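This is what each chain is made of:
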Amino acid sequence: MMKNIRIFDTTLRDGEQAPGGSLSIEEKVRIAKQLANLGVDVIEPGFPISSQGEFTAVQQISRDLLHVEICGFARAVTEDINRAIEATQDATKRSLHLFISSSDIHLDFQLKKSRDQVIQIAREKVAYAKQFVDRIEFSPMDASRTGNEFLLEMVEAVVAEGATLINIPDTVGFALPNEYGQIFKMLKNNVRGGKHVEYSAHCHNDLGMAVANSLAAIEAGATQIEVTVNGIGERAGNCSLEELVMAIETRKEALGVQTNINTEEIFETSRLVSRIMNFPIAFNKPIVGRNAFQHEAGIHQDGLLKNRNTYEIMNPEKLGVPREMIILGKHSGRHAIKHRVSEMGVPLNPTQLEDLYTRFKAFADQHKSVTDEQLAQLVGKATNTV
Ligand code: KIV
Ligand code: ZN
């Protein structure tokens, strides 16, 4: 039996913290609606205490999106909690995400509080929030640099007060996959009174390991993963929704898990977020980059024409990606050129093909790639029709 992994989308909260990524209320609502089409299980639409605009956006999304869980976000501070509770009041399904730092470096330099004080605050605020919302997610910020002993103490304290979901942020993207997985195993095996507790992963991508770390968390028993579209977020960003979902989708049998994501909406969602946030997508970005399903090498093109599985592990059409499987360029072979020309409906005899091939190579040597229009021109010359 496949286990279901909840996809918690924080594009509109942590993702919006990407430098220059700030969104208006209308833009947030537009993206939230698309996230609902995509089938995410939870949306964290913003940080209600941070501004009136943020509050209104969270409130509007809570009112408009009736079929998705909406998660309010708050520091372990009474005013934050009150604002988050108020903003999500009208959601059909809601939860509250509370956080406070747990690593010594954060306690000493940022909070300037002792471990005992921080545990006390965490306890009090979870108990306070529990009066209003049943589903409480708690994050010990910088959890991956906290150390097992204190992390366990903090998690036990908040679970005792009613936290139902424990999120383990790798806030600075420092953890290695095996270390990160071990944290989940340690908590699952040791938290007193924690049988009913669920675990969530929240990974940053500073060392390019956010997806690998999230998969390690899944293997260690996490049932929720926090992600952003296109992996946007602070610094190098967060675990990318499309990469994680497609890793699960493509390696479902090996991982034994699945998600509720409607993969056909991935491309559309990615482009929408990129456009609205004015955030270009790297050409070679997995899943949604321009080149992710394009093949230039002659050997690859030849293989693909015989059987797509030779060089393709995902069907781009299932992601809503328009299929442009083959890019013609100086590495292309006769086979691919002939195939593209036949798709244009032009029959070539062997002499014409040879002539076209020679012209094509000369042209491609001078250009980065050869478009269909340019190819048509070359075909015209090879067949003496222009
Ligand atoms: O990266 C982080 O630590 C966070 C938490 C507040 C969940 O975004
Ligand atoms: Zn984060």
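From a predicted model like this one, the values you see are computed outputs, not experimental measurements.

How each quantity is defined
- Residues numbered from 1 in each chain as written.
- Chains lettered and ligands numbered in written order.
- Predicted model: local features only at pLDDT ≥ 70, side-chain atom pairs only at ≥ 80, totals over all residues.
- Helix = DSSP H or I, 4+ residues; strand = E, 2+ residues; numbered from the N terminus.
- Buried ≥ 20, exposed ≤ 12 C-beta atoms within 10 Å, placed from the backbone.
- Contact = placed C-beta atoms within 7 Å.
- Axes fitted to C-alpha atoms, helices over the stretch in contact; angles between N-to-C directions.
- Parallel < 35°, antiparallel > 145°, perpendicular 65-115°, else oblique.
- Nonpolar A, V, L, I, M, F, W, Y, C, P; charged D, E, K, R; others polar.
- UniProt positions renumbered as here; feature names shortened; annotations may be inferred.
- Left-handed = near helix turned anticlockwise from the far one by under 90°.
- Core = buried A, V, L, I, M, F, W, Y, C linked by C-beta atoms within 7 Å.
- Near = placed C-beta within 6 Å.

Enquirer: Quick one: what's the story with the overall build of the chain, residue by residue and with numbers?
Expert: Within the chain, the secondary structure is distributed over 15 helices and 10 strands. Dimensions of the chain along its principal axes, counting C-alpha atoms only, are 85 × 40 × 40 Å. For the chain, buried positions account for 44% of its 386 residues. Relative to all contacts within the chain whose residues are 6 or more apart in sequence, the contacts with residues 24 or more apart total 71%.

Enquirer: If you had to explain helix 9 (residues 241-250) to someone new, which residues and values would you point to?
Expert: The element helix 9 is extensively covered by neighbouring structure, given that 8 of its 10 residues are classed as buried. What helix 9 keeps buried is the set Leu241, Glu242, Glu243, Leu244, Val245, Met246, Ala247 and Ile248. Of the surrounding secondary structure, the elements contacted by the buried residues of helix 9 are strand 2 (6-9), helix 8 (210-219), strand 9 (224-227), helix 10 (252-255), strand 10 (257-258) and helix 11 (266-277).

Enquirer: Describe in detail the packing of helix 12 (residues 298-306) against helix 13 (residues 334-343), supporting the description with residues and values.
Expert: The N-to-C vectors of helix 12 and helix 13 enclose an angle of 55°; their axes lie 8 Å apart at closest approach. Put simply, helix 12 runs oblique to helix 13. For the pair formed by helix 12 and helix 13, the contact residues are Gly298, Gln301, Asp302 and Leu305 on the first element and His335, Ala336 and His339 on the second. Tallied by class, the residues present in the contact of helix 12 with helix 13 amount to 2 nonpolar, 4 polar and 1 charged.

Enquirer: Can you tell me about unusual backbone geometry, naming the residues and giving the values?
Expert: The phi angle at Asp142 is positive, at roughly 65°, despite the residue not being glycine. By the element assignment, Asp142 lies in the loop between strand 6 (136-141) and helix 6 (148-160). With a phi angle near 70°, Ile287 is a residue other than glycine that sits in the positive phi range. One can find Ile287 in the loop between helix 11 and helix 12. Judged by the 25 C-beta atoms lying within 10 Å of it, Ile287 falls in the buried class.

Enquirer: How would you sum up the UniProt feature "domain: Pyruvate carboxyltransferase" (unreviewed entry) in the chain? Please name residues and give values.
Expert: Under the UniProt annotation, the feature "domain: Pyruvate carboxyltransferase" (unreviewed entry) is placed at residues 5-267. With 43% helix and 17% strand, residues 5-267 has its two end C-alpha atoms placed 21 Å apart.

Enquirer: Break down the packing of helix 1 (residues 25-38) against helix 2 (residues 52-64) for me, with residues and values.
Expert: In contact at an axis separation of 9 Å, helix 1 and helix 2 are set at 30° when each is read in the N-to-C sense. In terms of crossing hand, the pair formed by helix 1 and helix 2 is right-handed. Along its contact with helix 1, which presents Ile25, Lys28, Val29 and Ala32, the element helix 2 presents Gly53, Thr56, Ala57, Gln60, Ile61 and Asp64.

Enquirer: With reference to specific residues and values, describe the nonpolar core.
Expert: Judged by nonpolar contacts, the single largest core of 91 residues is most densely connected at Ile7, Ile43, Leu98, Ala217, Ile225 and Leu244. Counting residues per element, this core draws most heavily on helix 8, at 7 residues. Non-local contacts of Ile43, meaning those with residues more than four positions away in its chain, are made with Asp9, Leu12, Ala32, Leu35, Ile61, Leu65, Val68, Ile70 and Cys71. Ile337, Val341, Leu356 and Ala364 belong to the second largest nonpolar core, which has 13 residues in total.

Enquirer: Which residues make up the site of ligand 1, and what values do they have?
Expert: Near ligand 1 the following residues occur: Asp14, Phe99, Ser139, Met141, Asn167, Pro169, Thr171, His202 and His204. Secondary structure elements with two or more residues in the shell around ligand 1: strand 6 and strand 7 (165-170). Considered class by class, the residues forming the shell around ligand 1 number 3 nonpolar, 5 polar and 1 charged.

Enquirer: Please provide a residue-by-residue account of the environment of Ala57, values included.
Expert: With respect to the helices and strands, the residue Ala57 is situated in helix 2. The exposure class of Ala57 is buried, given the 26 C-beta atoms found within 10 Å. Spatially, the C-alpha atom of Ala57 lies 4.9 Å from that of Ile25, the residues being 32 residues apart in sequence.

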